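# Residue-level structural notes
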Amino acid sequence: MEQAKLNQLKQFVEQCKSNPSILSDPSLSFFRDYIESLGGKLPPSAYDAGDYKAKSHVVDESDDEIDDVENDANTKETVEEEEEPEIVESDVELDESDTVEPDNDEPQKMGDSSVEVTEESRDASQESKAQAMEAISEGKLEDAIEHITKAVLLNPKSAIMYATRASIYIKMKKPNAAIRDATAALEINPDSAKGYKTRGIARAMLGQWEAAAKDLHLASKLDYDEEISAVLKKVEPNAHRIEEHRRKYDRLRKEREDRKIERERLRRKAEAQAAYEKAKKQEESSSSGRAGGFPGGMPGGFPGGMPGMGGMPGGMPGMGGMPGGMPGMGGMPGGMPGGMPGGMPGGMDYSKILNDPELMAAFKDPDVMAALQDVMKNPANLAKHQANPKVAPIIAKMMGKFAGN
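This one's a predicted model, so the numbers in the text were calculated from it and none came from an experiment.

Another point: the overall build of the protein. Per the secondary structure count, the protein includes 15 helices and 0 strands. Buried positions account for 32% of the 405 residues belonging to the protein. Long-range pairs, those at least 24 residues apart, make up 61% of the contacts in the protein between residues at least 6 apart in sequence. For the protein, the accessible surface area stands at approximately 24900 Å², while carbon and sulfur atoms represent 52% of it.

The structure is reproduced here in structure tokens:
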């Protein structure tokens, strides 16, 4: 770096040292980020109000809250990382050399199936069909359509008339018209081999490979011929490729959905585990706040003595005996001889207290616990609680157990 630029950089750093508020300029945010990335700490004046407020908010958060935020962020990041893109199907390589553009002509005239067909009409229909066949042999397909349409109208209940017209439409490369006639023939006669054959060929012309293969196989079962076999040789490879392609992507989509379901299951499990750990941590934190773990929180607990009492050598100071005694104690004239050196005996069996339902219930009473803590702070305060019907019996009972020990 040139010396001049180094001098300028040095001057800038010196200015920042003397006046950190220079760094609060939004245009210098990159420099602040760089210093922080190196582990440096900047004074509040180096941030503008919005930045510092946001940063100080993070600092004020408790460790538990930070852990929760980090855990949520990690869970979200894991889910986002595992998200998969949508499956995009590839094209299927098909032989479409024999397909044609679909015909969009007006639908041809169809016969009225409710018309009663007489013998004369049937004969006239056969004559029109014969004229259509002659026109086909002469290559006059338009004339053939005209004659066969007349035959259909004269005998609309004849499946063979519709199937014959469908075959003429195939020669004219009008597959949609052929499909309409072939379907009409199959509605009249579901076992019309010519109906399935013409519809299968027409569907193949439109590239409807699977539907075409299905029609042609049915036609072949009803009345096999060489033309059906020849068309199937072209149709079946395309139909098989499409079927394999569909099965492949159906499998991929199912596998993707299964992975999605599994991720969701793991996410819910992780959330439940995190909630459990959080509750457990809070419970442990709450339990540790109770001194000695004794109900109500008695500082230091009972084992090893009750801190704060120290012992009552020579009796309870300042009391000189408790005239009338505490209920259930029969009085303590002259105080408690010998006192309780070192606090409450550390060797006593505390299960006697913990297994006493009355004492355990009393320890949950805030008034009783407040009185016990008051006495532990200053044994001389015992006198002011002896008239309390809730507190005095409990203290008496506890002292009775101590005396018994």
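The rest of the description comes next.
Taken as a whole, this structure holds 23 salt bridges when the rule is applied. Of the charged contacts in the structure, one is a salt bridge between Arg247 and Glu243, with a shortest N-O distance of 2.6 Å. One end of the pair, Arg247, and the other, Glu243, are both in helix H11 (residues 226-288), 4 residues apart, so they sit about a helical turn from each other. What makes Arg247 exposed here is its relative accessible area of 55%. Asp356 is the salt-bridge partner of Lys397, the closest N and O atoms lying 3.0 Å from each other. In this pair, Lys397 is assigned in helix H15 (residues 392-404) and Asp356 in the loop between helix H12 (351-354) and helix H13 (357-363), connecting sequence segments 41 residues apart. In the salt-bridge network here, residues are joined through shared partners; they are Glu264, Arg267, Arg268 and Glu271.

Residues Leu216 and Val235 are the most contacted members of the largest nonpolar core, which totals 39 residues. Mapped onto this core, the elements with two or more residues apiece are helix H5 (119-137), helix H6 (141-154), helix H7 (159-171), helix H8 (175-188), helix H9 (193-205), helix H10 (209-222) and H11. A total of 8 residues in this core trace back to one element, the largest contributor, which is H7. If near-sequence neighbours (up to four positions away) are discounted, Leu216 is found in contact with Lys197, Gly200, Ile201, Ile228, Val231, Leu232 and Val235. Counting residues in hydrophobic clusters, the runner-up holds 16 residues, among them Val368, Leu372, Val375 and Met399.

Our next topic: unusual backbone geometry. Even without glycine at this site, Lys173 takes up a positive phi of about 60°. Looking at the secondary structure, you find Lys173 in the loop between H7 and H8.

Turning our attention to H6. Taking 1.5 Å per residue, 14 residues should reach 20 Å; H6 reaches 20 Å between its end C-alpha atoms and fits that length. Along H6, the residues classified as buried are Ala144, Ile145, Ile148, Thr149, Ala151 and Val152. For H6, the angular spread of the buried residues around the axis is 160°, confining them to a single face. The outward face of H6, more than 90 degrees from its buried face, is lined by the exposed residues Glu142, Glu146 and Lys150. The secondary structure elements touched by the buried residues of H6 are H5 and H7.

Further remarks concern H9. For H9, spanning 13 residues, the distance from its first C-alpha to its last is 18 Å, which sits close to the expected 18 Å at 1.5 Å a residue. Taken across its 13 residues, H9 has 12 buried, putting it largely inside the fold. Ala193, Gly195, Tyr196, Lys197, Thr198, Arg199, Gly200, Ile201, Ala202, Arg203, Ala204 and Met205 are the residues of H9 that are buried.

Secondary-structure assignment places Phe363 in helix H13. Each C-alpha atom, one on Phe363 and one on Ile394, is 9.2 Å from the other, the two residues being 31 residues apart in sequence.

Turning our attention to the confidence of the model for the protein. Of the residues in the protein, 74% have a pLDDT of 70 or more, and the chain-wide mean is 77. Contacts for the low-pLDDT stretch residues 49-62, under 50 throughout, to residues beyond four places or in other chains number 7 contacts. Contacts from residues 291-346, a stretch scored under 50 in pLDDT, to residues over four places away or in other chains number 113 contacts.

Mapped onto the secondary structure, Gln108 falls in the loop between helix H4 (63-82) and H5. The class for Gln108 is buried, based on a relative accessible area of 10%. Within the structure, Gln108 has its side chain in polar contact with the side chain of Arg180 (distance 3.0 Å). Setting aside residues up to four positions removed in sequence, Gln108 forms contacts with Arg165, Tyr169, Ala177, Arg180 and Asp181.

Moving on to the packing of H7 against H9. Direction vectors running N to C along H7 and H9 enclose 25°, while the axes themselves pass 9 Å from each other. Overall, the two elements H7 and H9 adopt an arrangement that is roughly parallel. Crossing geometry of H7 relative to H9 is assigned as left-handed. Only Lys194, Gly195, Thr198, Ile201, Ala202 and Met205 of H9 make contact with H7, whose side of the interface consists of Ile160, Ala163, Thr164, Ala166, Ser167 and Ile170.

With respect to the helices and strands, the residue Arg122 is situated in helix H5. Spatially, the C-alpha atom of Arg122 lies 9.8 Å from that of Lys157, the residues being 35 residues apart in sequence. For Arg122, the residues in contact, after removing those within four places along its chain, are Val117 and Asn155.

Moving on: the side chain of Asp181. Positionally, Asp181 belongs in helix H8. Dropping the residues within four chain positions of it, Asp181 is found in contact with Gln108, Met110, Tyr162, Arg165, Ala166 and Tyr169.

What counts and how
Think of each chain on its own: its residues are numbered from 1, step by step along the sequence as written. Restriction of local features to residues with pLDDT of at least 70 applies here, the model being predicted, together with a cutoff of 80 or more for giving and counting side-chain atom pairs; totals for whole chains, interfaces and linings are based on all residues. Working from all heavy atoms in the structure, the side-chain values ignore hydrogens and water. Labels follow the DSSP assignment, with helices taken as runs of H or I lasting at least four residues and strands as runs of E lasting at least two, numbered in each case from the N terminus. Here's how the labels work: a residue is buried when its accessible area is under 20% of the maximum for its type, exposed when over 50%, partly exposed in between, all with a 1.4 Å probe on protein chains only. Here, two residues are considered to be in contact whenever any of their heavy atoms come within 4.5 Å of each other. To be clear on the numbers: accessible area is Shrake-Rupley with a 1.4 Å probe, and residue cover counts the displayed protein chains and nothing else. Salt bridges are defined as contacts in which a side-chain nitrogen from Lys or Arg sits within 4 Å of a carboxyl oxygen from Asp or Glu. Joining through side-chain atoms within 4.5 Å is the link that ties buried Ala, Val, Leu, Ile, Met, Phe, Trp, Tyr and Cys residues into a set, and such a set is a nonpolar core. Expected helix span is taken as 1.5 Å per residue step, with the number of steps being one fewer than the number of residues. To obtain the arc, one takes the directions from the helix axis to the C-beta atoms. pLDDT expresses how confident the predictor is about each individual residue, on a scale running from 0 to 100. Each polar contact in these results corresponds to two N or O atoms within 3.5 Å; when the atoms are within protein, one needs to be able to donate a hydrogen and the other to accept it, and residues that are neighboring in sequence are counted only if both atoms are side-chain atoms. Note on definitions: angles span 0 to 180 degrees between N-to-C directions of axes, and those axes are lines fitted to C-alpha atoms, for helices only across the stretch in contact. Here is the rule for angles: anything less than 35 degrees is roughly parallel, anything more than 145 is roughly antiparallel, 65 through 115 is roughly perpendicular, and the remaining ranges are oblique. Left-handed describes a crossing whose near helix is turned anticlockwise from the far helix through less than a right angle; right-handed describes the clockwise counterpart.

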